[in-house]
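Coordinate analysis (summary)
One letter stands for each residue in the lines below.
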Amino acid sequence: MSDVEFKSTLQMLVPMIVEAMCNEYGLNEYAALMALYESKLYSDLEREPTKLWHLSPLALADLWHQEVTTGKIVYPEEA
């Protein structure tokens, strides 16, 4: 995947992850966006080789929740 394609994918994916965080965990959009951007998950998601962008927005929201509640992330093998 080219850098441009990856950045476009990330731009489309972030709002969907934020929406899932709002729906599943009761956050408002701003709080969800800030929490996502400050997370290790987002740092890893920004790196194309991790292939985390293959996961669904709900799966990524769940991984974010795992990170904030346990302090660690266990990525699925298919990522």
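Before any of the text, the structure's been laid out above.
Definitions and limits used
Residues numbered from 1 in each chain as written. Predicted model: local features only at pLDDT ≥ 70, side-chain atom pairs only at ≥ 80, totals over all residues. Heavy atoms only, no water. Helix = DSSP H or I, 4+ residues; strand = E, 2+ residues; numbered from the N terminus. Buried < 20%, exposed > 50% of the residue type's maximum accessible area, 1.4 Å probe, protein only. Contact = heavy atoms within 4.5 Å. Phe/Tyr/Trp six-rings, centres within 6.5 Å; stacked < 30°, edge-to-face > 60°. Polar contact = N/O pair within 3.5 Å; in protein donor to acceptor, adjacent residues only side chain to side chain. Salt bridge = Lys/Arg side-chain N within 4 Å of Asp/Glu carboxyl O.

1. Topic: the environment of Met21
With respect to the helices and strands, Met21 occurs in helix H1 (residues 3-25). Here Met21 falls in the buried class, since its relative accessible area comes to 0%. Filtering out sequence-adjacent residues up to four positions away, Met21 remains in contact with Gly26, Leu27, Ala32, Ala35, Leu36, Ala61 and Trp64.

2. Focus: the packing of aromatic side chains
Pairs of aromatic rings are described using the distance from one ring centre to the other and the angle between the two planes. Under the criterion given, the structure shown has two aromatic pairs. Taking the centre distance of 4.8 Å and the plane angle of 75 degrees together, the rings of Tyr37 and Tyr42 count as edge-to-face.

3. Points about the side chain of Glu48
If you trace the backbone, Glu48 turns up in the loop between helix H3 (40-45) and helix H4 (57-70). Using a relative accessible area of 17% as the deciding quantity, one classes Glu48 as buried. A polar contact is formed between the side chain of Glu48 and the side chain of Lys51, at a distance of 2.7 Å. Leaving out residues up to four positions away in the same chain, Glu48 has contacts with Met1, Phe6 and Trp53.

4. Thoughts on the pattern of salt bridges
Evaluation of the coordinates by the stated rule reveals four salt bridges. Here Lys51 and Glu48 are joined by a salt bridge, their closest N and O atoms 2.7 Å apart. On the basis of relative accessible area, Lys51 is assigned to the partly exposed category, the value being 29%. Sharing partners across several salt bridges, the network here consists of Lys40, Asp44 and Arg47.

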